[in-house]
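Chain by chain, the residues run as shown.
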Amino acid sequence: FWSMLTAPLKRSKIYTLKMLTALLPLCVVSVLLAIFSHWSLEGHPLLLISASVIMISISSALVSLNLTAGSYFGNFKEKSPIKVASSQSATLTFLISIVYLTILIAIIFLPLNLYFYHALKGGEYSSGSLWFAVGAFVAISAAIATFAIVMGIRTLKRDF
């Protein structure tokens with residue numbers, strides 16, 4: 001980290017590169033996980049598409065949150081590289097992640113429950129409520145990711 005800060009690069013580019021390095025493989029793996037976990041529901045493409053969108057939004061929010069917490073709570077004056085990482089950031093990020101995933105379940109539970117109820121009973125289902133829930137969750141994820149990215153870039157601008 002110290003060598004990166006002395007390099008003739010903008011710190012925001014370093015942050016963006018670190019984020020993309022973690023985010024792109026994680027998004028690929030999460031979408032593949034969504035595809036393979038919904039394999040038995042191939043007659044319901046709405047579920048696959050909504051799960052893929054949710055997985056991408058979860059990945060972006062959690063990667064940005066973890067990267068920001070690591071840079072915000074890092075102790076870069078420490079001589080031992082093992083002690084640079086702070087247990088505060090791990091605990092706080094874990095708690096925020098649990099609350100975030102609980103919000104996901106709260107938002108998506110009723111529309112998915114109605115979807116499966118109509119699918120099992122053979123009734124007609126309006127996908128508007130599911131897309132509204134997915135959109136609300138994507139908006140929450142985007143807000144968290146944006147806030148975390150802004151805070152992370154501001155954190156890197158301080159003098160260590």
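In what follows, the structure referred to is the one given above.
What comes next is a walk through the structure. Keep in mind that what you see is a predicted model, and the values were worked out from it rather than measured.

**As for the overall build of the protein chain**
Okay, so step 1: Check the secondary structure of the protein chain and you find five helices and zero strands.
Okay, so step 2: Burial statistics for the protein chain: of 160 residues in total, 31% are counted as buried.
Okay, so step 3: Excluding contacts between residues fewer than 6 apart, the proportion of contacts in the protein chain whose partners are at least 24 apart in sequence is 76%.
Okay, so step 4: Accessible surface, the protein chain: about 10200 Å² in total, of which carbon and sulfur atoms supply 72%.

**Concerning the packing of helix 2 (residues 11-37) against helix 3 (residues 45-72)**
Okay, so step 1: Where helix 2 meets helix 3, the closest approach of the two axes is 9 Å, and the angle between their N-to-C directions is 150°. In terms of orientation, helix 2 and helix 3 fall into the roughly antiparallel class. Handedness of the crossing formed by helix 2 with helix 3: right-handed. Counted together, Tyr15, Lys18, Met19, Ala22, Leu23, Leu26, Cys27, Ser30, Val31, Leu33, Ala34 and Ile35 of helix 2 and Leu48, Ala51, Ser52, Met55, Ile56, Ser59, Ser60, Val63, Ser64, Leu67 and Thr68 of helix 3 form the full contact between these two elements.
Okay, so step 2: Class assignment for the residues of the contact of helix 2 with helix 3 results in 16 nonpolar, six polar and one charged.

**Section: the packing of aromatic side chains**
Okay, so step 1: In the structure shown here, the tally under the stated rule is two aromatic pairs.
Okay, so step 2: With 5.3 Å between their ring centres and 35° between their planes, Tyr100 and Phe137 make a pair best called tilted. Here Tyr100 is found in helix 4 (residues 87-121), whereas its partner Phe137 is found in helix 5 (residues 128-157), with 37 residues between them in sequence. Side by side, Tyr100 and Phe137 carry an identical accessibility label, which is buried.
Okay, so step 3: On the numbers, 5.8 Å between centres and 85° between planes, the contact of Tyr115 with Phe116 is edge-to-face.
Okay, so step 4: The buried category is assigned to Tyr115, whose relative accessible area is 9%.
Okay, so step 5: Its relative accessible area of 37% is what places Phe116 among the partly exposed residues.

**Some remarks on the layout of surface pockets**
Okay, so step 1: Reported here for the largest pocket is a volume of approximately 230 Å³.
Okay, so step 2: Of all the elements in the fold, those that place two or more residues in the lining of the largest pocket are helix 3, helix 4 and helix 5.

**Section: the nonpolar core**
Side chains of a nonpolar character, in soluble globular proteins, are inclined to be buried together.
Okay, so step 1: Core analysis: the largest hydrophobic core is formed by 16 residues, its most contacted members being Ile54, Ile58, Tyr100, Leu104, Ile108, Leu130 and Phe137.
Okay, so step 2: Looking at this core, the elements with two or more residues in it are helix 3, helix 4 and helix 5.
Okay, so step 3: With seven residues, helix 3 is the largest single contributor of residues to this core.
Okay, so step 4: Here Leu104 is in contact with Ile54, Ile58 and Phe137, once residues within four sequence places are set aside.
Okay, so step 5: Tyr15, Leu23, Cys27 and Leu67 belong to the second-largest nonpolar core, a separate cluster that totals seven residues.

**Topic: the packing of helix 2 against helix 5**
Okay, so step 1: One can describe the packing of helix 2 onto helix 5 by two numbers: an axis separation of 9 Å at closest approach and a directional angle of 135°. Judged by the angle between their axes, helix 2 and helix 5 are oblique. The crossing of helix 2 and helix 5 is right-handed. Contacts between helix 2 and helix 5 pair Arg11, Ser12, Tyr15 and Met19 from the former with Ala148, Ile149, Gly152, Ile153, Leu156 and Lys157 from the latter.
Okay, so step 2: Taken together, the residues of the contact of helix 2 with helix 5 sort by class into six nonpolar, two polar and two charged.

Definitions and cut-offs
Residues numbered from 1 in each chain as written. Predicted model: local features only at pLDDT ≥ 70, side-chain atom pairs only at ≥ 80, totals over all residues. Heavy atoms only, no water. Helix = DSSP H or I, 4+ residues; strand = E, 2+ residues; numbered from the N terminus. Buried < 20%, exposed > 50% of the residue type's maximum accessible area, 1.4 Å probe, protein only. Contact = heavy atoms within 4.5 Å. Areas by Shrake-Rupley, 256 points an atom, 1.4 Å probe, with all protein chains shown as cover. Axes fitted to C-alpha atoms, helices over the stretch in contact; angles between N-to-C directions. Parallel < 35°, antiparallel > 145°, perpendicular 65-115°, else oblique. Left-handed = near helix turned anticlockwise from the far one by under 90°. Nonpolar A, V, L, I, M, F, W, Y, C, P; charged D, E, K, R; others polar. Phe/Tyr/Trp six-rings, centres within 6.5 Å; stacked < 30°, edge-to-face > 60°. 1 Å grid on protein atoms, 1.4 Å probe; cavity = no way out; pocket = protein on both sides within 12 Å on 5 of 7 lines; lining within 4 Å. Points joined across faces, edges and corners; volume = space filled by probe spheres on them. Core = buried A, V, L, I, M, F, W, Y, C linked by side-chain atoms within 4.5 Å.

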